[in-house]
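Okay, here's what each chain looks like letter by letter:
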Amino acid sequence: MAAAGSGCNAGKSLLQFMKFVGQLKRVPRTGWVYRKVEKPESVSDHMYRMAVMAMLTEDKKLNKDRCIRLALVHDMAECIVGDIAPADNISKEEKHRQEKEAMKHLTQLLPEEMKKEVYELWEEYEHQCSAEATFVKELDQCEMILQALEYEELEKRPGRLQDFYNSTAGVETG
């Protein structure tokens, strides 16, 4: 993982970026916290499984590599702003504004070509402007439903997290 450019500053910036991204391992998914799930998954856990789901797609019309990259980037801003949930009563516009600022800050720590790629992937997902972004949004919903099912099975309390399933019913992603 070599940083473009020379000198210590490029290395320090990349290290700072990796520390920010590493914080995602310690940011619990807010929806599960609000529902008092014991040991809720982290944002990083969620992004990792989404990336694996993207890797396993067999849809030949989609660019699989791009889907994996979108899955890895889509919640990256949460290392700075946290996992903002619908229950937080923050408008979609304000959430987007906060996350956009976070992504600008994060990507400034990257070498030039990576800065552009990571930020553009995040924007592609946010604006749902490709088939891959739409697919990854669907994976986001599927992963959440799978996680809800796993928590219900672990707790032996089927139906306890029904509102998570309901939140995806009839949701248009495009």
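Bear in mind the structure is a predicted one, so any value in this text is a computation, not a measurement.

1. Section: the nonpolar core
With 32 residues, the main nonpolar core has Val73, Met76, Met103, Leu106 and Val136 as its most contacted residues. Looking at this core, the elements with two or more residues in it are α1 (7-22), α3 (43-55), α4 (64-73), α6 (92-107), α7 (112-127) and α8 (131-155). Non-local contacts of leucine 106, meaning those with residues more than four positions away in its chain, are made with Phe17, Phe20, Met76, Ala77, Cys79 and Ile80. Val37, Ala148, Leu161 and Tyr165 belong to the second-largest nonpolar core, a separate cluster that totals eight residues.

2. Description of the UniProt feature "domain: HD" (unreviewed entry) in the chain
Mapped onto the present numbering, the UniProt feature "domain: HD" (unreviewed entry) falls on residues 43-145. Helix makes up 72% of residues 43-145 and strand makes up 0%, while its end C-alpha atoms are separated by 15 Å.

3. Side note on the packing of aromatic side chains
All told, the structure shown has three aromatic pairs when counted by the stated rule. Aromatic pair tryptophan 32 and tyrosine 151: ring centres 5.0 Å apart, planes at 75°, arrangement edge-to-face. With tryptophan 32 in helix α2 (residues 30-34) and tyrosine 151 in helix α8, this residue pair connects regions lying 119 residues apart in the sequence. For tryptophan 32, a relative accessible area of 1% gives the class buried. In this structure tyrosine 151 comes out as buried when scored by relative accessible area, which is 5%. Here the aromatic cluster, defined as three or more aromatic residues joined through ring pairs, consists of Trp32, Tyr151 and Phe164.

4. Focus on the side chain of serine 130
As for its placement among the helices and strands, serine 130 is situated in the loop between α7 and α8. Residue serine 130 is classed as buried on the basis of its relative accessible area, which comes to 17%. Polar contacts involving the side chain of serine 130 include one to the main-chain amide nitrogen of alanine 133, which spans 3.0 Å.

5. Here we look at α6
In this model α6 runs 22 Å from its N-terminal to its C-terminal C-alpha over 16 residues, within 8% of the 22 Å that 1.5 Å per residue would give. Restricting attention to buried positions, one finds in α6 the residues Glu99, Ala102, Met103, Leu106 and Thr107. The buried residues of α6 occupy one face: seen down the axis, they fall within an arc of 120°.

6. Describing the packing of α4 against α8
Following both chains from N to C, one finds α4 and α8 inclined at 55°, their axes separated by 9 Å at the closest point. Judged by the angle between their axes, α4 and α8 are oblique. Handedness of the α4/α8 crossing: right-handed. Of α8, the residues touching α4 (which contributes Arg66, Cys67, Leu70 and Ala71) are Glu132, Ala133, Phe135 and Val136. Within the contact of α4 with α8, the residues separate by chemical class into six nonpolar, no polar and two charged.

Conventions used here
- Residues numbered from 1 in each chain as written.
- Predicted model: local features only at pLDDT ≥ 70, side-chain atom pairs only at ≥ 80, totals over all residues.
- Heavy atoms only, no water.
- Core = buried A, V, L, I, M, F, W, Y, C linked by side-chain atoms within 4.5 Å.
- Buried < 20%, exposed > 50% of the residue type's maximum accessible area, 1.4 Å probe, protein only.
- Helix = DSSP H or I, 4+ residues; strand = E, 2+ residues; numbered from the N terminus.
- Contact = heavy atoms within 4.5 Å.
- UniProt positions renumbered as here; feature names shortened; annotations may be inferred.
- Phe/Tyr/Trp six-rings, centres within 6.5 Å; stacked < 30°, edge-to-face > 60°.
- Polar contact = N/O pair within 3.5 Å; in protein donor to acceptor, adjacent residues only side chain to side chain.
- Expected span 1.5 Å × (residues − 1).
- Arc of directions from axis to C-beta.
- Axes fitted to C-alpha atoms, helices over the stretch in contact; angles between N-to-C directions.
- Parallel < 35°, antiparallel > 145°, perpendicular 65-115°, else oblique.
- Left-handed = near helix turned anticlockwise from the far one by under 90°.
- Nonpolar A, V, L, I, M, F, W, Y, C, P; charged D, E, K, R; others polar.

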